[in-house]
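Remarks on the overall topology
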Amino acid sequence: MSLLTLVWNYLKARPLNTAINILLLSLGIAVITILLLFSQQLEKKITENAKGIDLVVGAKGSPLQIILCNIFHIDFPTGNIKLFEAERIAKNRLVKKAIPLALGDSYSTYRIIGTNRAYADLYHGELATGAWWKDDLQVTLGAKVAELTKLKPGDHFASAHGLSDGGHAHEEHQYVVVGILKPSNSVLDNVILTNVESVWRVHEEHGEEEEHDEHAEEAPVRDSTFVPSPLIPSVAKGDSTKEITAMLLQYRSPMGAIQLPRIVNAQSSLQAASPAFETARLFSILGVGVDILMGFAYVLIVISGLSIFIALYNSLKERRYDLAIMRSMGATRTKVFISILLEGGFLTLAGSVLGLLAGHGAVMLLAGMAEQAQRTGISGLVFYPQEWIILVGSLLLGLVCAVIPAVQAYRTDISKVLAGH
Amino acid sequence: MISVRNLSYQYDGTSRAIQFQDFSIPQGEHGLLLGESGSGKTTLLHVIGGLLRKYSGTVSIQDTALNALSEAALDGFRGRHIGFIFQRNHLISALTVEKNLALSPYLAGLPIDAARIDQVLASLGLQEKKKSRISELSHGQAQRVAIARAVLNKPSIILADEPTSALDDKNCERVITLLTDVARQNGATLLVATHDQRLKDRISNRIDLTTAP
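Residues numbered from 1 in each chain as written. Chains lettered and ligands numbered in written order. Predicted model: local features only at pLDDT ≥ 70, side-chain atom pairs only at ≥ 80, totals over all residues. Heavy atoms only, no water.

All names here are of chain A. Taken together, the side chains of Leu349, Val353, Leu357 and Leu395 present a nonpolar region at the surface, about 310 Å² in accessible area. The dominant element in the nonpolar patch, judged by the number of residues it contributes, is helix α11 (residues 333–369), at three residues. Tracing the backbone shows Leu357 in helix α11. The exposed category is assigned to Leu357, whose relative accessible area is 59%. (Patch = residues over 30% accessible without salt bridge, like charges linked within 9 Å, V, L, I, M, F, W, Y side chains within 5 Å. Areas by Shrake-Rupley, 256 points an atom, 1.4 Å probe, with all protein chains shown as cover. Salt bridge = Lys/Arg side-chain N within 4 Å of Asp/Glu carboxyl O. Helix = DSSP H or I, 4+ residues; strand = E, 2+ residues; numbered from the N terminus. Buried < 20%, exposed > 50% of the residue type's maximum accessible area, 1.4 Å probe, protein only.)

See below:
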């Protein structure tokens, strides 16, 4: 026998009341937990994926779209930019590193990116098996892509136009898998890497393609005046026909942040997009939705607090005689006071523990079921220090809700209650 | 041993005051507190039981003057030395019979002695009801559990407030026999407050409040 057994038995004696109070609170806590897990992990992923990229240069259009397309690979390109124009920007003394990207195709919704090794280095990509792509039409797969498409080194596949599953297939050009990357927990896991030339080749007209093939293979040896492009060495510098989708830039100095966007935007066909600025904008847009859901969760929690208060207050009326009897058996005022506080505390603690478990469970379920969620790499098994705040906060809520009933219990005039007045 | 000297009690917020006659009941003996409703029986019982504190005069239990104790000390004293039996055998319905009994030593700050619980239950013929819920008990059984709870801590005083008023003759007879027997077995002083004239013949030591000076 202890105060805890006493409290537990009182709660057990009113199972429906206890269950609804715990459920109500756990619902609110679960919503908060889910939002916390999603927003924290999403924010971390987004910041990590944009790390090391100071500026993205693409075709004129929405800067947010340029970021979504070229960093997160979840949107369509704004258009193409001329290679020689990109080269001009890349040459600027404020640019430390420039990485070309050629997008357009995908394989079962996984984007094929024509780029160079610097792109993989950006995310510290390492090979798990096989090799890096070297020749045209060779690809290296991200870890998730390999896992979900079941492709292995040596396998061939045809790419489809666009990002969706049903796009026009380029059957005449088969890519060959040469390697698979280790999981890097970044966007690299969800993409297929190849060189820029492969993307060009797949998209060229038949006649032109053969002609170009000869040209591409022979060019470096044939012409002694050949100056390779700083972005794509197989092409001559200043080539006016070739196009790429975008270019990722790293600044040499903070001065770049001030001058480069201006230089880029001054060219009518180019658009500069800053990942830091655009992701901040994205967060603020998403933030509205998160805030609304958060508000809803807080309303739930306040209602559950009220419900616990009402339950304790009502049960106290029925229990006045119980309390008086306990006092007559030697219980001090303080003991009676504490027993009511414990009851409130127990209810909210149970509710918040249940809510936290349900929140993590829901995220796990979601991450395991939906492929889109799987791609974001969000996991239900991540715990944040904020969860301690939720736990302690709800415990405090329980104590606050129990304080008025507990004071009443403390003040009970035992003689009056027992005399039946 | 109960001793009451110069006791008067003033009701809260009224000018009504009751002056009680002096009396004392030696340890182990039984006393009957007789009086009509409103004569102050319950008040006197609550003062002796340490449930009411604002009075003038002296009430001593086992040579301890109750108004010399702090409130918390009085709570402890009540738990260890006084057993209450009320007209409505109020048991904690959320707990089983066994837990209702265990509550008594726990709240009094005494060690919980499972053997003592078994012994008291057995002496009242309640062994089989040990794990029962309160709602499963008959009225008579509930009354016996209430008596068991009152004597569990071996109190020196047992105070009973109208234990028989709602009972028929047969049950009245049974309960008063039970009370006196249990008090005798535990060496406790029994004080019964009642207006039930049937008890007059059973307990000779009478304090009549209707003829208070």
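The discussion continues.
Per the stated rule, a full pass over the model turns up 20 salt bridges over all chains. Residues Glu48(A) and Lys44(A) are paired through a salt bridge, measuring 4.0 Å at the closest nitrogen-oxygen approach. With Glu48(A) and Lys44(A) both in helix α2 (residues 15–49) and four residues apart, this pair spans about one turn of that helix. In this structure Lys44(A) comes out as exposed when scored by relative accessible area, which is 52%. The partner of Arg327(A) in a salt bridge is Asp75(B), and the shortest N-O contact between them spans 3.2 Å. Remark: Asp75(B) occurs in helix α2 (residues 71–81) and Arg327(A) occurs in helix α10 (residues 275–328); the pair is interchain, linking two chains. One salt-bridge network, held together by shared partners, links Arg327(A), Arg333(A), Glu71(B), Asp75(B) and Arg78(B).

Residues and elements named next belong to chain A. Looking at the secondary structure, you find Leu306 in helix α10. For Leu306, a relative accessible area of 48% translates into the label partly exposed. Between the C-alpha atoms of Leu306 and Asn21, which are 285 residues apart in sequence, the distance is 9.5 Å.

Looking now at the interface of chain B and chain A. If you look at the interface, chain B gives 27 residues, while chain A gives 24 residues. Of all residues in chain B, His90(B), Tyr106(B) and Leu107(B) bury the most surface against chain A, accounting for 25% of the area lost on that side. At the boundary of chain B and chain A, one finds three salt bridges. Taken together, the links from chain B to chain A amount to six residue pairs in polar contact (both at pLDDT 80 or more). For the side of chain B that touches chain A, the secondary-structure elements that each account for two or more residues are α1 (41–48), α2 and α3 (97–108) of chain B. (Contact = heavy atoms within 4.5 Å. Buried area = accessible area lost by both parts, 1.4 Å probe. Polar contact = N/O pair within 3.5 Å; in protein donor to acceptor, adjacent residues only side chain to side chain.)

With respect to the helices and strands, Ile112(B) occurs in the loop between α3 and α4 (114–123). Residues Ile112(B) and Arg80(B), spaced 32 residues apart in sequence, show a C-alpha to C-alpha distance of 13 Å. Other than its neighbours up to four places away in sequence, Ile112(B) contacts Met1(A), Ala102(B), Pro105(B), Tyr106(B) and Ile117(B).

Residues and elements named next belong to chain A. Contact pair α2 / helix α13 (residues 386–411): the axes reach a minimum separation of 11 Å and the direction vectors enclose 160 degrees. Taken as axis vectors, α2 and α13 run roughly antiparallel relative to one another. Remark: the crossing between α2 and α13 carries right-handed chirality. Together, Leu25, Ile29, Ile32, Thr33, Leu36, Leu37 and Gln40 of α2 and Gln386, Glu387, Ile390, Ser394 and Leu397 of α13 make up the contact between the two elements. (Axes fitted to C-alpha atoms, helices over the stretch in contact; angles between N-to-C directions. Parallel < 35°, antiparallel > 145°, perpendicular 65-115°, else oblique. Left-handed = near helix turned anticlockwise from the far one by under 90°.)

Below, the discussion takes up the packing of aromatic side chains. Across all of its chains, the model carries nine aromatic pairs over all chains by this definition. Here the aromatic rings of Phe84(B) and Phe86(B) are separated by 5.4 Å at their centres, their planes lie at 5 degrees, and the arrangement is stacked. Lying across the ring of Tyr410(A), Arg333(A) places its NZ or CZ 5.5 Å from the centre. The positively charged end of Lys335(A) is found above the aromatic ring belonging to Tyr106(B), 4.5 Å away from the centroid. (Phe/Tyr/Trp six-rings, centres within 6.5 Å; stacked < 30°, edge-to-face > 60°. Lys NZ or Arg CZ within 6 Å of the ring centre and 35° of its normal.)

This paragraph deals with unusual backbone geometry. Peptide bonds are trans in most cases, and residues, glycine excluded, mostly fall at negative phi. Residues and elements named next belong to chain B. The phi torsion at Gln62 lies on the positive side, around 50 degrees, for a residue other than glycine. Locating Gln62 in the fold gives a position in the loop between β5 (55–61) and β6 (64–65). Positive phi, normally seen in glycine, also occurs at Lys154, with a value near 50 degrees. Within the element layout of this structure, Lys154 appears in the loop between α5 (139–151) and β8 (157–161).

Glancing now at helix α6 (residues 169–185) of chain B. Here α6(B) contains 17 residues, and its C-alpha end-to-end distance of 24 Å stays within 8% of the 24 Å for a straight helix at 1.5 Å per residue. Downstream of α6(B) by one or two residues, Gly187(B) has phi in the positive range, about 65 degrees. (Expected span 1.5 Å × (residues − 1).)

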